[in-house]
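# Summary of structural features
One-letter residues, chain by chain:
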Amino acid sequence: MSRPAITRKRLLIGAGSLADAASALQLAEILVLRQMASDLGGLMVEDPAWLSFSERPAGKLVTFGGEVTGAPSPQAAARLVEREARAFREKLELLARRRRVEWSFDQQTGDLVANIVGAAPKWDVVLIGHGRLQRGAGRVVWLSPADPDAAQEVRDIADTVARGLGTEAVAFALDEADAPATPQTRITFPDPDALLAGLSRTYAAAVITDIRAGPFADAASLRALVDAARCPVLLLGADPASAGRPEGQ
Amino acid sequence: MANTQTTPPPLAPAQLRPKLDPDTLGLPGSGAPEPFEGFLGQDRAIDAIRLAAAVPHTGFNVFVVGPQGSGRHRAVASLLQEEAKGRPVPDDWVYVNNFEAEHKPRKMRLAPGTAQALKQDMESLVDDLANDIPALFESEDYQTQRRAIEQEFGERHESEMADFAERAREQGVALVRTPMGFMLTAIKDGKPLKPDEFNQLDEDERAEIEQKIEELQEELAEILRKAPRIEREHRRQVEGLNASMAERVVTTRMEEIEARFKDSEAVLEYLGAAKRDIIDNADLFLAAKQKDQEGAFPEAVKQHQRDPSFDRYRVNVMVSHDPETAEGAPVIHEDLPNLDHLVGRIEHMSQMGALFTNFTMIKSGALHRANGGYLVLDARDVLQAPMAWDALKRSLKSGSVTITSAAERLGFASTIQLEPDPIPIDLRVALVGDRFLYALLVHLDPDFGELFKLQADFEDSIDRSDESMAGYARLLSTLAAREGLAAPDAGGTARALEEAIRLADDATKFTLRTEALLDLLREADHYARKAGRETIGAEQLDRAVAEQERRASRVRDRLREAVQRDILKVETDGSVTGQINGLSVAGQNGYRFGRPARITARVRTGAGKLVDIEREVELGGPLHSKGVMILSGYLTANYATDVPFSLHASLVFEQSYGGIDGDSASSAELYALLSALSGLPLRQDLAVTGSVSQTGEVQAIGGVNEKIEGFFDTCKARGLTGDQGVLIPKSNMEHLCLRPEVVEAVEAGQFSVTAVESIDQGIALLTGVPAGQRDDDGRFPEGSVHALVDARLRAFAEDRRDFMRRTLPGKGEEQ
């Protein structure tokens, strides 16, 4: 069945921190420039889980620079989240003005992936932000679905993002049947766990997948995908006809 | 006392003005004479200049002195040009960037005519690389290699993180990402344990979990700390890749330039340094590409070498000589020899309120351009320009040119300046100046003698001889031809030569101030052409002389008018005691004229003081004062020597309100004094000029022609009586070159010029009474001038003695 190309170009960016948002905004700008997105939405999700961990008296954290330090107090953590939300909003607004697109912003509490999946039906494309530890470009990984039309769509977006980042795109497929027909860098995995294991060792700039097809569709599997990718994840197929299935389904 | 007693007769007309016969000039009957090559009468100076031009040793620079208009500049230019033709074309000099210390630009010597080629080669290199390097970094080959490196390093870190996450999971610990970093927490049923859930675990289990978490935290911290090291290693590999890729491209392009300059070690060394720098700064070319893409100009034709980012690869040509077109060594005339023009300068540009400079803004000076050849400068101009003389000396002493600004030399520079390598110089300097400047430099500048060992002294005049006359005639013809003037015919040439005698102020010489003669020829040429003539004749030159005088003689004419109207008192007949017509010369801008001036003397008893009124009111110069003091010496030595000198006399130039200097009127002053003392009146139809010695000898003076003519004109305006004339020193006879009008008047017996050797001769002519000479008893003949003077002075002494006796009893006898 042929799928309609994206005509409504509404892009939602979800993030749990400013670093996560910044990496996603960079990709969003590429999509906007190439007219693959025209409305932008920002969603800051405050995870109560890490706020509660900071309540632990002996709680420590390891900074991104490799220092072991005490966890902030819940109040300090809450203030930090507020500051980051404000900064995310400002950056989104700047981007929207720069590129002359509509924008909106919301703040929620809960699990990032679950909340994004919940908000996804109102958006055409969803971008789950994830800050990257390394500064280099990395490759754009796209998960090749079985459906050729869907595969083409994902591939096109992957190529666009790769060009925008000055890097190359690589396809991850679950079996040969899913592999793209045309020659391109591709890696085949026997199962989703192997794919995730391979992804976690890949130097990736972004991961692109269509949640209407492929094994990563529900919140749990998407969470695992985000954890393995350790980079922004772009979700296609977030329309009402095939909204992301709730966890466990 | 001079013992010449007989009064000399007036001079014959032939003695008053040399007359040149056109037929004796050695000119051809028809056609132009053979051109005169070289320089007339200047062998001494020419030899000095030729020596300076040829001798290889340092310090043999030449100072060219001589009167203005004597052809010094032309001679210097011509002789140096002649010598320069036989010399090799000097090397080119450039400044290039010093990649290790940019504030110290490097000099480089290149074979003649190759500097421009190197400059263009480097510009082309930049343009080529501005396309090649970006293309290289955009190539698939580079991108693939770059991505491979990135992937390798990227995946190293990602793998470590992935392995860690797996190990943590296996130990029941989850990695939770927070805005500030990672938190490690125990997992239960695949979900992180909340704090209250964790607190419900038993103590041992909690301890075990905390222990595991602590160990894993350290492990994670170590992984994260490694990231910058991995990043650094990654960066080095990429830099290495960039360098090796860039080197291929740069080497290929450089090979062509290296082949062209394979014989120059200095250039090859520079190209090597430039290559290394280009490779290290390949991003400059990428940035240029970026600018191209944002600009409007087509990339393919854009001249990147003009981009200031690439200034570091430019070649600043300081001096270049094309051996195909250059005729030997350079001869440079610097008309404005200030500091910057001599040694060069370093320009600055203002950017964002600060001054900026680099080696491309170094500009050459005359010393650079003359390197290997000759530099001609006007001495006065150099000395007047601040710090120029000092800079010139330093350069000659050190044998190199160091470019420093005036502010730096004075220690005022507060910004960082460039320190370019000094460029060695090998040249000869010819300074053209006047004798006064030369004397000052010799006496006051200890360096001068060491640096300017040669003096080229141009003569003011040349002795008259058949040979010199013939040569001068040819010279005049040559000069006229060179100026595009009509040729002077024989009569015109003879007239011009007579003028050359007049300008020399000496009948035995011709002036060598040829420029003044040339000016006359130019004016005469104008009159000749107006008259439709093809040659310049004597008539045209007469007119040029007359017109020149007329233009300059307004002041003279006003003074004569004042004399005519008896505003300025001058007697031209009769006789007066203690009064005489002296003669002086005045003028400006090269024009001189003579005029009579009344000199008076008054005498009485006194204490032996001779008052020079001019000196008393500071109108008399030192030479004039000296002349007056000599009169005292004459009087005290010749008269009443056995009694105290008891004269009080005063001398003055009547109606003179400007400065007076020189001693040419001292004989006239003495005559006036002798007249006042003797009581004998002096003829007012005679004017007198001549300085006097203490022994009464009448000595030569300057401007004798103008002085005679000045009195002649005054007498002529009132009507010549036939008795009027001028007494001049005999030693000035050789200088006589009077106007034809004066000579004609003498021929007609209307005027006379008499040459005297001594005061005795002069006083006899002026008073009509013999001067007198002491006999064996030491007495002057009775009634002679000297006897009367002697008697008067004795009387003064007696009067003084009597006065002293009356006023100071007991003292008078001793005095």
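Structure's up top.
A brief look at the structure comes next.

What counts and what doesn't
Residues numbered from 1 in each chain as written. Chains lettered and ligands numbered in written order. Predicted model: local features only at pLDDT ≥ 70, side-chain atom pairs only at ≥ 80, totals over all residues. Heavy atoms only, no water. Helix = DSSP H or I, 4+ residues; strand = E, 2+ residues; numbered from the N terminus. Expected span 1.5 Å × (residues − 1). Patch = residues over 30% accessible without salt bridge, like charges linked within 9 Å, V, L, I, M, F, W, Y side chains within 5 Å. Areas by Shrake-Rupley, 256 points an atom, 1.4 Å probe, with all protein chains shown as cover. Salt bridge = Lys/Arg side-chain N within 4 Å of Asp/Glu carboxyl O. Pairing = 2+ DSSP bridges. Axes fitted to C-alpha atoms, helices over the stretch in contact; angles between N-to-C directions. Phe/Tyr/Trp six-rings, centres within 6.5 Å; stacked < 30°, edge-to-face > 60°. Lys NZ or Arg CZ within 6 Å of the ring centre and 35° of its normal. Contact = heavy atoms within 4.5 Å. Buried area = accessible area lost by both parts, 1.4 Å probe. Polar contact = N/O pair within 3.5 Å; in protein donor to acceptor, adjacent residues only side chain to side chain. Core = buried A, V, L, I, M, F, W, Y, C linked by side-chain atoms within 4.5 Å. Buried < 20%, exposed > 50% of the residue type's maximum accessible area, 1.4 Å probe, protein only. Parallel < 35°, antiparallel > 145°, perpendicular 65-115°, else oblique. Left-handed = near helix turned anticlockwise from the far one by under 90°. Nonpolar A, V, L, I, M, F, W, Y, C, P; charged D, E, K, R; others polar.

The terminal C-alpha atoms of helix H4 (residues 140–170) of chain B lie 43 Å apart, and with 31 residues this matches the ideal 45 Å at 1.5 Å per residue to within 8%. Two residues or fewer past H4(B), Gly172(B) is found with a positive phi of approximately 75 degrees.

Residues Phe436(B), Leu440(B) and Leu444(B) make up a contiguous nonpolar surface patch of about 330 Å² in total accessible area. Tracing the backbone through its elements, the reader meets Leu444(B) in helix H14 (residues 435–444).

Residues and elements named next belong to chain A. Strands sit in the order S5-S2-S1-S6-S11-S10-S7-S8-S9 across an open sheet of nine strands; the sheet is mixed. Each end of this open sheet is capped by a strand with a single partner; those strands are strand S5 (102–109) and strand S9 (186–188). Averaged over neighbouring strand pairs, the angle between their axes works out to 20 degrees when direction is ignored. One ladder, built from three bridges, connects strand S8 (residues 169–173) with S9; its direction is parallel. Bridge pairing links Ala-171 to Arg-186 in S9.

What follows is about the packing of aromatic side chains. In this structure the tally under the stated criterion is 19 aromatic pairs over all chains. Connected via pairs of aromatic rings, a cluster forms that spans Phe63(B), Trp389(B), Tyr438(B), Phe448(B) and Phe452(B). Sitting above the plane of the Trp123(A) ring, Arg10(A) keeps its charged end 4.3 Å from the centroid. Here the guanidinium or amino end of Arg543(B) rests over the ring plane of Tyr527(B), the centre of that ring lying 4.0 Å away.

As a further point, take the interface of chain A and chain B. Each side of the interface is counted separately: chain A has 36 residues, and chain B has 36 residues. Across the interface of chain A and chain B, roughly 3500 Å² is buried in total on both sides, 59% from carbon and sulfur atoms. Along the contact surface separating chain A from chain B lie six salt bridges. Note that Arg147(B) and Glu168(A) form a salt bridge whose closest N and O atoms lie 3.4 Å from each other. Our count for the chain A to chain B interface comes out at 10 residue pairs in polar contact (both at pLDDT 80 or more). Listing elements by their share of the side of chain A that touches chain B, those giving two or more residues are helix H1 (18–33), helix H2 (48–53), strand S3 (60–63) and helix H3 (74–99) of chain A. Here S3(A) pairs with strand S5 (residues 181–188) of chain B via two bridges, running antiparallel.

On to the nonpolar core, then. All names here are of chain B. Ranked by internal contacts, the top residues of the largest apolar core, which has 47 residues, are Ile-580, Leu-635, Leu-647, Tyr-671, Leu-673, Leu-674 and Leu-793. Contributions of two or more residues to this core are made by strand S24 (591–605), helix H22 (622–638), strand S26 (647–653), helix H23 (666–678), strand S28 (686–688), helix H26 (759–767) and helix H27 (785–807). With eight residues, H23 is the largest single contributor of residues to this core. Those residues in contact with Leu-674, other than ones at most four positions away along the chain, are Tyr-634, Leu-635, Tyr-639, Gly-679, Ile-759, Ile-763 and Val-789. Listed in part, the 42 residues of the second largest apolar core include Phe-99, Met-245, Val-250 and Ala-282.

All names here are of chain B. At a minimum axis separation of 10 Å, helix H16 (residues 466–483) and helix H17 (residues 490–504) run at an interaxial angle of 110 degrees. It follows from the interaxial angle that H16 and H17 lie roughly perpendicular. The interaxial crossing formed by H16 with H17 has right-handed handedness. Across the interface between the two elements, Met-469, Tyr-472, Ala-473 and Leu-476 from H16 touch Thr-493, Ala-496, Leu-497 and Ala-500 from H17. Residue composition of the contact of H16 with H17, grouped by class: seven nonpolar, one polar and no charged.

All names here are of chain B. Per the counting criterion, the structure on display carries 79 salt bridges over all chains. With its nearest N and O atoms 2.6 Å apart, the salt bridge here joins Arg-44 to Glu-459. Separated by 415 residues along the polypeptide, Arg-44 in helix H1 (residues 43–54) and Glu-459 in the loop between strand S17 (454–457) and strand S18 (461–463) bring together distant segments of the chain. A relative accessible area of 27% means that Glu-459 is categorised as partly exposed. In this structure, the salt-bridge partner of Glu-709 is Arg-739, at a minimum N-O distance of 3.7 Å. Residue Glu-709 is located in helix H24 (residues 704–718), and its partner Arg-739 is located in the loop between strand S31 (725–729) and helix H25 (740–747); the two are separated by 30 residues in the primary sequence. One exposure class covers both Glu-709 and Arg-739, and it is buried. One network of salt bridges, with partners in common, ties together Arg-502, Asp-505, Arg-560, Arg-592, Glu-706, Glu-709, Asp-713, Lys-716, Arg-739 and Glu-741.

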